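Report on the structure
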Amino acid sequence: MVEDSKRVQVQVLRTDDQWEIMQNPAFEEAFVKYRDQARVQYVFLIPSIHCRACVWLLEKLPSWVEGVSWARVNLDQGLLEVEAMPREGQFVDLVRHLDRLGYSPDLHPTKNRGDGSSLELRRQWMMTGVAGFCFGNVMLFSFPEYLGGEALGDGFENVFRWLCLIFALPTFFYSSSSIFRSAFLSFKEWKPSVDIPIALGIIVLFVWSCTSVILGRGTPYFDSLCGLVFFLLVGRSYQRKSFTHLVFERDNHRFFPLSLSVIRKGKREAIPLSELKCSDHYFLKSGGLVPVRSHLVKGEGVFDFRMVTGETEPQLKHVEERVHAGGIQRGGEILLEAEEDLDESELVRMWGGGEERPSRREEILDRISGVFTLVILSLSGFTFYWHGMDGEALHRACAILIVACPCALALSAPLTLGKAIRALADRGCFVRYGAMIETLAETDHVVFDKTGTLTHIDRMSGEWSEKPLGSSIEPLLALIQQSGHPVAQSLKVALEDMRSNTQTSPEDSVEHFMEHPGKGMEAMVAGKKVRVGSRVWISGQAGSGVCLELDGEIVGVYNPRSLLRDGILDSLESLKEDGVGLSLLSGDHNRDEELLRGYLSAEEMHFECSPEVKARKIREKVEAGKRVAMVGDGLNDSLAMKSSHLGIAVPLEDGCFAPNSDVIIQESELRRLHEFRKFCRLAVRNIWVCLTISLLYNMLGFILAFSGRISPMVCAVLMPISALTILIYSVGWTGLLAKRFFGRGQ
Amino acid sequence: MSTETIRYDNKVVLHFLIASTLFGVVGMMVGLLIAMQLTNPAFNLGPWLSFGRIRPLHTNAVIFAFVGNALFMGIYYSLPRLCKTPMISPLLSKIHFWGWQAIIVSAVITLPLGITSGKEYAELEWPIDIAITLVWVAFGINMLGTIYKRRERHMYVAIWFYVASWLAVAILHIVNSIELPFSYFHSFSYFAGVQDALVQWWYGHNAVAFFLTTPYLGMMYYFLPKAANRPVFSYRLSIIHFWALVFIYMWAGPHHLLYSAVPDWAQSLGTVFSLMLIAPSWGGMLNGLLTLRGAWDRVREDAALKFMVVAITCYGMATFEGPMLSLKNVNALAHYTDYIIGHVHVGGLGWNGCLTFGVLYWLVPKLFGTKLYSQKLASWHFWLATLGIIFYAVALYFAGITQGLMWSQFNEEGDMLKYPNFLETVLQIIPMYYVRALGGSMYLIGALVMCYNLWKTAREGDFIAEDEAQVPTRIGALQTNKGFHRKLEGMALPFTVFSVFAVIIGGLFELVPVIMSEVKNPSKPLVGIYSPLELEGREIYRKEGCVNCHSQMIRPFRAETERYGDYAKPGDYVYEHPFLWGSRRIGPDLQRIGERPDLTAIWHYNHMIDPQTTSPDSIMPPYPWLAENELDLSLTRSKMRALRILGVPYSDKMIESALTDMKKQAEGISRELNKFDKNIDPEQWQTELIALIAYLKVLGVRVEEDPVLSETKAEEEL
Amino acid sequence: MEIMIMLIAVSTMVALIFLVGFIWSARKGQFDDLVTPAVRILDEDS
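Keep in mind that this is a model prediction, so the values were computed, not measured. (Residues numbered from 1 in each chain as written. Chains lettered and ligands numbered in written order. Predicted model: local features only at pLDDT ≥ 70, side-chain atom pairs only at ≥ 80, totals over all residues.)

Here we come to the overall build of chain C. Within chain C, the secondary structure is distributed over two helices and zero strands. Oriented by its inertia axes, the alpha-carbon framework of chain C measures out at about 55 × 25 × 15 Å. Residue burial in chain C is summarised as follows: out of 46 residues, 59% are buried. (Helix = DSSP H or I, 4+ residues; strand = E, 2+ residues; numbered from the N terminus. Buried ≥ 20, exposed ≤ 12 C-beta atoms within 10 Å, placed from the backbone.)

The next thing to look at is the overall build of chain B. A count of helices and strands for chain B gives 26 helices and four strands. Relative to its full complement of 718 residues, chain B shows a buried share of 55%. Considering only intrachain contacts with a sequence separation of at least 6, the fraction spanning at least 24 residues in chain B is 83%. (Contact = placed C-beta atoms within 7 Å.)

What follows is about the interface of chain A and chain C. Tallying the contact residues gives 19 residues for chain A and 18 residues for chain C. Listing elements by their share of the side of chain A that touches chain C, those giving two or more residues are helix H3 (52-59), strand S3 (68-74), helix H6 (115-148) and helix H7 (156-175) of chain A. If one sorts the elements of the side of chain A that touches chain C by residue count, H6 of chain A sits on top with eight residues.

This brings us to the confidence of the model for chain B. Across chain B, the average pLDDT comes to 88, with 88% of residues at 70 or higher. The model gives residues 477-486 of chain B a pLDDT under 50, and that stretch makes six contacts with residues more than four places away or in other chains. (pLDDT = per-residue confidence, 0-100.)

What follows concerns the sheet that holds strand S1 (residues 32-35) of chain A. Residues and elements named next belong to chain A. Pairing is antiparallel across the open sheet formed by four strands, whose spatial order is S1-S2-S4-S3. The strands lining the two open edges of the sheet, one partner per strand, are S1 and S3. Across the sheet, the axes of successive neighbouring strands diverge by a mean angle of 15°, strand direction being ignored. Both strand S2 (residues 40-45) and strand S4 (residues 79-84) contribute to a ladder of six bridges, which runs antiparallel. Paired with Gln41 across the strands is Glu83, a residue of S4. Relative to the sheet, H3 contacts S3 and S4, its axis offset from that of S3 by approximately 165°. (Pairing = 2+ DSSP bridges. Axes fitted to C-alpha atoms, helices over the stretch in contact; angles between N-to-C directions.)

Moving on, we get to the environment of Asp662 of chain A. Residues and elements named next belong to chain A. Inspection of the secondary structure assignment puts Asp662 in the loop between strand S25 (646-649) and strand S26 (663-665). For Asp662, a count of 28 C-beta atoms within 10 Å puts it in the buried group. Spatially, the C-alpha atoms of Asp662 and Ala435 are 9.8 Å apart, while their sequence positions differ by 227 residues.

Quick look at the sheet that holds strand S24 (residues 628-632) of chain A now. Hydrogen bonds between backbone atoms are what pair the strands of a sheet, whose relative direction is either parallel or antiparallel. One open sheet accounts for seven strands, arranged S14-S26-S25-S24-S15-S22-S23 (chain A); its pairing is mixed. The open sheet has two free edges, formed respectively by strand S14 (429-431) and strand S23 (605-606) of chain A, since each of these has just one partner strand.

Another aspect to go through is the pairing of strand S6 (residues 267-272) of chain A. Residue and element names in this part refer to chain A. Where strand S5 (residues 259-264) lies against S6, six bridges are found, and the strand directions are antiparallel. The residue of S6 that forms the bridge with Ser261 is Ala270. Linking S5 back to S6 in an antiparallel pair, the connection comprises two residues, with Lys265 at a positive phi of about 50°.

All names here are of chain B. Put simply, helix H5 (residues 157-176) and helix H7 (residues 235-248) touch, their axes get as near as 10 Å, and they point 15° apart. Considering their axes alone, H5 and H7 lie roughly parallel with respect to each other. Note on packing geometry: the crossing formed by H5 with H7 is left-handed. Across from Val157, Trp160, Phe161 and Ala164 in H5, the residues of H7 making contact are Ser238, Ile239, Phe242 and Val246. Taken together, the residues that form the contact of H5 with H7 break down as seven nonpolar, one polar and no charged. (Parallel < 35°, antiparallel > 145°, perpendicular 65-115°, else oblique. Left-handed = near helix turned anticlockwise from the far one by under 90°. Nonpolar A, V, L, I, M, F, W, Y, C, P; charged D, E, K, R; others polar.)

Below, the discussion takes up unusual backbone geometry. For the bond running from His577 of chain B to Pro578 of chain B, omega is -10°, close enough to zero to count as cis. Relative to the helices and strands, Pro578 of chain B resides in the loop between helix H18 (558-564) and helix H19 (601-609). Phi is positive for Glu320 of chain A, which is not a glycine, with a value near 80°. By secondary structure assignment, the location of Glu320 of chain A is in the loop between strand S10 (315-317) and strand S11 (322-323).

Now for H7 of chain A. It helps to recall that an α-helix has 3.6 residues per turn; residues three or four apart then point in one direction. Residues and elements named next belong to chain A. The first and last C-alpha atoms of H7 sit 28 Å apart over 20 residues, in line with the 28 Å expected at 1.5 Å per residue. The largest bend in H7 is about 30°, located at Ala168, with the proline Pro170 one to four residues further on. Of all 20 residues in H7, 14 are buried, a share of seventy percent or more. (Expected span 1.5 Å × (residues − 1). Bend = angle between axes of the 7 residues up to and from the residue.)

Of all residues in chain C, 91% attain a pLDDT of 70 or more, and the chain-wide mean is 84. Interface predicted TM-score (ipTM) for the complex: 0.94; the corresponding pTM is 0.82.

Let us look at the pairing of S25 of chain A. All names here are of chain A. Neither face of S25 is open: one carries Leu646 and Ile648, the other Gly647 and Ala649, and all of them are buried. Here four bridges tie S24 to S25, and the two strands are oriented parallel to one another. When the sheet's bridge partners are listed, Val631 is paired in S25 with Ile648. Two elements, S25 and S26, share two bridges in a ladder whose sense is parallel. Residue Ile648 lies in a different strand from S26, and its bridge partner there is Val663.

Residue and element names in this part refer to chain B. Looking only at helix H22 (residues 636-645), the buried set comprises Thr636, Lys639, Met640, Ala642 and Leu643. Taken end-on, H22 shows its buried residues confined to a sector of 160°, consistent with a single buried face. Check the buried side of H22 and you find it contacts strand S2 (179-181), strand S3 (187-189), helix H17 (532-543), helix H23 (652-656) and helix H24 (658-674). (Arc of directions from axis to C-beta.)

All names here are of chain B. Looking at the element boundaries, Asn411 is found in the loop between helix H14 (375-408) and helix H15 (422-460). Sequence separation between Asn411 and Val701 is 290 residues; the distance between their C-alpha atoms is 29 Å. Asn411 has contacts with Met416 and Lys418, leaving out every residue within four places of it along the chain.

Set out below in structure tokens:
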């Protein structure tokens, strides 16, 4: 339920550049849904909307902000729509007020603000609603014929038949249009698709029924037609419901800065990121991301390329040195020159979002449908010939075309997968498309990244190679508490463990605190100089370990270790038992190798791999015939994920973006990977069972049709029942499966 | 600041609240009275309070005065708040309120006087029907206007339920009230016999749906979340089940007419659709109950929530029981018995009553800015109401099944009825009637406790005549820039729909005149037309509400044909304006009593004056005033003329000589009665009783050729 | 049984009116957001 979502109120600190760029009308347009003389309507994505108080508060915006006519919240999608007077500065005012309220809008431009999708959704509602309406009423008008038995008399029969025809028209011409369209497109490209035999069945049903009503001979099958279309639409819309959009629909551009300060015509001005051109000189502050390949012009560049190479050690760059896109500046403000336009940046190429890749079963099914269609047509032709090629034979031939409609075939997968996606999402595993459930089920080799995937990124353990004496603990603690760095956190715990219980927080004063990213931190504590940092920085010597220095003397050395996630080793064990091969590809040093020995064989652990190496190794596995899934932290591993069959991301932050990933697993749930996989296998088996059931219905139908025992009543019963059976079985059974498998929910 | 302050009017809400509560108590008291009358006929006090006349008063009071006022209360409170707009016209609100109460008062006056149309739940005669239409239109303008001017773009699901109710009731009322007046207060239904039955039960069942169910579902979707302070379990489900309901609800009507002279397939249709309706109904029920998941501890402490839970549960029961009762085999046993009354009251007392109580317990403290005076008293009410319903329903389930079984039982040889005397079956269930009356009184006492509680609450608080709200000045109308071809695409669908619409309307224009001419006289008549005296007698039958206890429709079962005579066919009813099939058999079926040789004029005379003389221990009320009241002859000719317009073939001659014909026939009857020393002055033949006897003597008598008609024809040929 | 035709016609008309209502709602975006309205009614000013 939405109320349980874990979004947190965030007040974003905006830079002056950002405020400046907001005044740029081109920038503002990205958020405008509608504009005319009298009004302008904005749509904002506000991640911290999560509950009913948010709705109440934000919809009261007109009371607080001048010029706002109304405000509406969409709780499900986290959107705020605002209508205001079109005056200058209105946009900035709005953002300012929202920030102040604690509901900072996410201002990264994205094309998808819910516009196109809502039109699509409305169309779906209409088609399904109309189909349902026609279905209900056609049933009404068909029943008298079944129930009356003897002559209804007084021309009633005719009246009812014509009514059926009239009410079937919207179903055929409107509600079925999407099916016809997709069938036609597949047919044009000569690609087999399950929609083709379905469209065929619908057309035959319709034409046959119309003919019998107009000519007054034979029996119409409008109720089967309407029932069929209705259940198909319901099944399809069930699968398409986009509740995982929250997780997946963050754009690439989220990681790019909103705007850049550039020097144009000798003046410093803010421009939208999209306008960055080759040879532009632009500023980058601490925390800024390098958007295009550039070289340093002024300042000291300390770049963190974790996002690109996975390397945790930052790199120093000097003037004239090239900096690749994707690095994050950790030092102070610098000036760079862009070496290419923004459009075709490496990052965007690398981060092309995950597309829907068809599963093996879907490919099989599509191929089957091609065969299926031919089989039906030939069976139908055969029946016609066998029964003497007269009117009765024609009736039976058409009956075959009607009952052979593989609607249940088409429903089994979407329904089961739709339900499976939901079940998994409830348990912290978000699958982008249904086909990926099948891919996960078929996975027989899993490649893991280490940092951030198998290990925590924000927590570490460690051990002392040189323990500090009791007296130095307090000043060290005083310094360390100032930092949020994982190593510092780990050190803090280690130091606190060491001191005696009587002491509480240190009372010593801390002055001149400075943190040097990539090196260490220092401060004056009670007059003494305290430093904690890498060996290189403290002592100038090479080597590993974190040195603690007090008054110029090293008083302790600490070796931080990565902390493996809880239960992950058990999960690896279970995967091995299930026959899944495992390997590790890490960009980091091999210092954590012993942690994993025993679970992963030595040949399968590779360290200090660049993204390209990772991708290559994965490709080797794929070529060796394995179905490979890559588990990584999303950003760094996106190249590798692209080479695998299935990319599983364990995001670094809540709701983080993960390109090229097909599945996102919350970090707390990664230890259940083996359970997720097993569940997917059961779900896939479910699909095959459904397919079998539907084929049995088809066979039964064929037998009945061939022997002439098909009547409208039988048809009307058989087809909706087969569709309903599949519906109930796939959704219901999968749901039960999830409950039994995972226990009661989260 | 682009907001403004609006004020919601609570005064009209309070008015409807008080009206509903008061009339509710009155309606329940009348209900208790008629329940007592069934245990002992001594409770029939004079003509104005006899069972036949005031049973409709009870039904009208509880449906239109209690439930009606309550749903208006609910709508006038919730609708403006959901629309974030006050009701557009305080004047219309006043007209609505006072108009409705005037209608109720007119019911209270006319029904005991015997001014009735004879059609169930539509007994009020034509002037009142017109008043209902006018008030309903005023209500509609007020409601739809408010929705049109709303400042909240999304129409909450409750609003949809209200609108659907309004529209459906409007159409149902108009179609079923098509009648031809022949005096200031009286009319004949336009349709006859089987036609009338179909229209009546199409109305009857849909009235249950769209007056008793859908507006209350709307209220549930508003007041339950408010009282529980949690959103509806699945809003999406509520939208889906609303549309599913209105797309197909209109078809369940025929299930009231199973085994009647309505065609088989129409009956089965009613059954099938009734079964299909379980789905959307239970969707609503589950949605309501699941809204409270995880908050059941609150339910224990909160009176409003307790009642709402009972209400929703009873709704589920009733909507399951209904479709079961529409199955042919079940129906064969249960129809005409008290089981149906049990079913009705589970819905009425449980769903409507308890939901109303729940809303009242939440609304009154809110309107008076205080807390409920006594949770303890509310708790008492809760138990009284719940136990009351249980006693009521269980008693009548027993009674109904007993009746059904006894009526259909044959002796061991299988050639004769085991209980040929109908009275035996009645006496058998009188103990159950006592239990039912007990249940009803518990329910009534509970309601009185509530009245006290609410009154004390109101006294302790201060009435908040208006609630203020800050709302945006402009409505959230969303525009989208659409391209031209998008617009065209968007046209395809409405075009299809409108063309379908057009075809239907066009067809109607052609069909309707044809139908209307056929409708008046569709089947070959199997009975003769009523003579003027018999006609007047039938009017007495209608006036005294005999149809409330006696049916006139023999079903094609052996048990019934053995007991009552040949089963009913459409031709039996061609001249019946309105149809008098009835829906109860508190007394035996009367369709063919005219053919019973043992039921002579003197038998009827004695039976009507005091039923105990012919049937000891009968619970039928005595009708001594019929022998004293002078028969009103002033309207006889108008009646005949009116019926002639409606297709009954009275000739000019017959109408002219009506009074002389009546005199002749009545004198014949009084001569017969005088043989038994009844001392009826032949000159004083003009009593209501004699007319009634004339009617009863000809009821259901089948003729090869209508003697009156053939006589007329013969005379004309001369 | 021509009365059935009349009843069917009237009922169908009513059903069609409801269908038009449904289509109007869908096009006006009444079904776009089926989560927030349930929550919105709870926090009225009064």
